[in-house]
Amino acid sequence: MELSLSIPALLFPAISLTMLAYNARYLAIAALIRNLHAKYEENPSDKVRIQVQKLRKRLTIIKNMQAVAILSFLLAVITMFLIYIELDFWANLVFGISLLALMISLILSLIEVQLSTKALSIQLESIEKK
């Protein structure tokens, strides 16, 4: 397959939008952790402590999602440079790794969304029981 400069350039808007979405998730969880921290300071409870532990796990996943997406972005830029200096074999290899990194990032995102949905379901169940 002939790899041109425009092919890895197609990843730029996709990765940029993905990074924005990841950052929004990070900021939302950070705000929630701050609120829970204030709540815990007022009235320490196991329920809040458990929620914070689960949020820590989600925060770690989001950090890894962002790191792998940045790696994918960087590899796409390197691919463009390799195409520019006409190292086609290496350009194809690096581009493949870039796509793999983007897939890993999206899989991590799916896992994080599943955890988020599960947490919301637990909250809804406790409300419905009352």
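In this text the structure is predicted, and so the values were computed from the model without any measurement.

Cut-off values and rules
- Residues numbered from 1 in each chain as written.
- Predicted model: local features only at pLDDT ≥ 70, side-chain atom pairs only at ≥ 80, totals over all residues.
- Heavy atoms only, no water.
- pLDDT = per-residue confidence, 0-100.
- Helix = DSSP H or I, 4+ residues; strand = E, 2+ residues; numbered from the N terminus.
- Expected span 1.5 Å × (residues − 1).
- Contact = heavy atoms within 4.5 Å.
- Buried < 20%, exposed > 50% of the residue type's maximum accessible area, 1.4 Å probe, protein only.
- Axes fitted to C-alpha atoms, helices over the stretch in contact; angles between N-to-C directions.
- Parallel < 35°, antiparallel > 145°, perpendicular 65-115°, else oblique.
- Left-handed = near helix turned anticlockwise from the far one by under 90°.
- Nonpolar A, V, L, I, M, F, W, Y, C, P; charged D, E, K, R; others polar.
- Core = buried A, V, L, I, M, F, W, Y, C linked by side-chain atoms within 4.5 Å.
- Salt bridge = Lys/Arg side-chain N within 4 Å of Asp/Glu carboxyl O.

## Comments concerning the confidence of the model for the protein
Here comes step 1: Across the protein, pLDDT averages 88, with 98% of residues at or above 70.
Here comes step 2: Per-element confidence in the protein ranges from a low mean pLDDT of 84 for helix α1 (residues 6-9) to a high of 91 for helix α3 (residues 46-84).

## Quick look at helix α2 (residues 11-42)
Given 3.6 residues per turn, any residue in an α-helix points the same way as the ones three and four places further on.
Here comes step 1: Under the 1.5 Å per step criterion, the end-to-end length of α2 is 47 Å for 32 residues, consistent within 8% with the ideal 46 Å.
Here comes step 2: Against α1, α3 and α4 (88-129) lie the buried residues of α2.

## Looking at the environment of Gln53
Here comes step 1: The residue Gln53 is located in helix α3 in this model.
Here comes step 2: The class for Gln53 is partly exposed, based on a relative accessible area of 45%.
Here comes step 3: Between the alpha carbons of Gln53 and Ile33 there is a distance of 9.9 Å; along the sequence they are 20 residues apart.

## Overview of the packing of α2 against α3
Here comes step 1: Taken N-terminus to C-terminus, the directions of α2 and α3 make an angle of 160°; their axes are 9 Å apart at the nearest point. It follows that α2 is roughly antiparallel to α3 by the angle criterion. Classified by chirality, the crossing of α3 by α2 is left-handed.
Here comes step 2: Residue composition of the contact of α2 with α3, grouped by class: 23 nonpolar, 5 polar and 4 charged.

## Some words on α3
Here comes step 1: For α3, built from 39 residues, the straight-helix expectation of 57 Å at 1.5 Å per residue is met to within 8% by its first-to-last C-alpha distance of 57 Å.
Here comes step 2: After α3 finishes, the residue Glu86 shows a positive phi value of roughly 65°.

## Looking at the nonpolar core
Here comes step 1: Counting residues in hydrophobic clusters, the biggest one holds 22 residues, and the most contacted among them are Leu3, Leu11, Ile15, Met65 and Ala91.
Here comes step 2: Secondary structure elements with two or more residues in this core: α2, α3 and α4.
Here comes step 3: The element that contributes the greatest number of residues to this core is α3, accounting for 10 residues.

## What to know about the pattern of salt bridges
In a structure, side chains of opposite charge can pair up when their charged atoms sit close to one another.
Here comes step 1: Going through the model one piece at a time under the given rule, you end up with 2 salt bridges.
Here comes step 2: One salt bridge connects Glu112 with Arg58, and the closest N-O pair in it is separated by 2.7 Å. Highlighted residues: Glu112 in helix α4 and Arg58 in helix α3, separated in sequence by 54 residues. Accessibility classification places Glu112 together with Arg58 in one group, the buried group.
Here comes step 3: Taken together, the shared-partner salt bridges in this structure form one network comprising Arg25, Arg58 and Glu112.

## Quick notes on the packing of α3 against α4
Here comes step 1: Close contact between α3 and α4 brings their axes to 8 Å; oriented N to C, the two are set at 160°. Put simply, α3 runs roughly antiparallel to α4. Judged by the twist between their axes, the crossing of α3 over α4 is left-handed.
Here comes step 2: Residue composition of the contact of α3 with α4, by class: 22 nonpolar, 9 polar and 3 charged.

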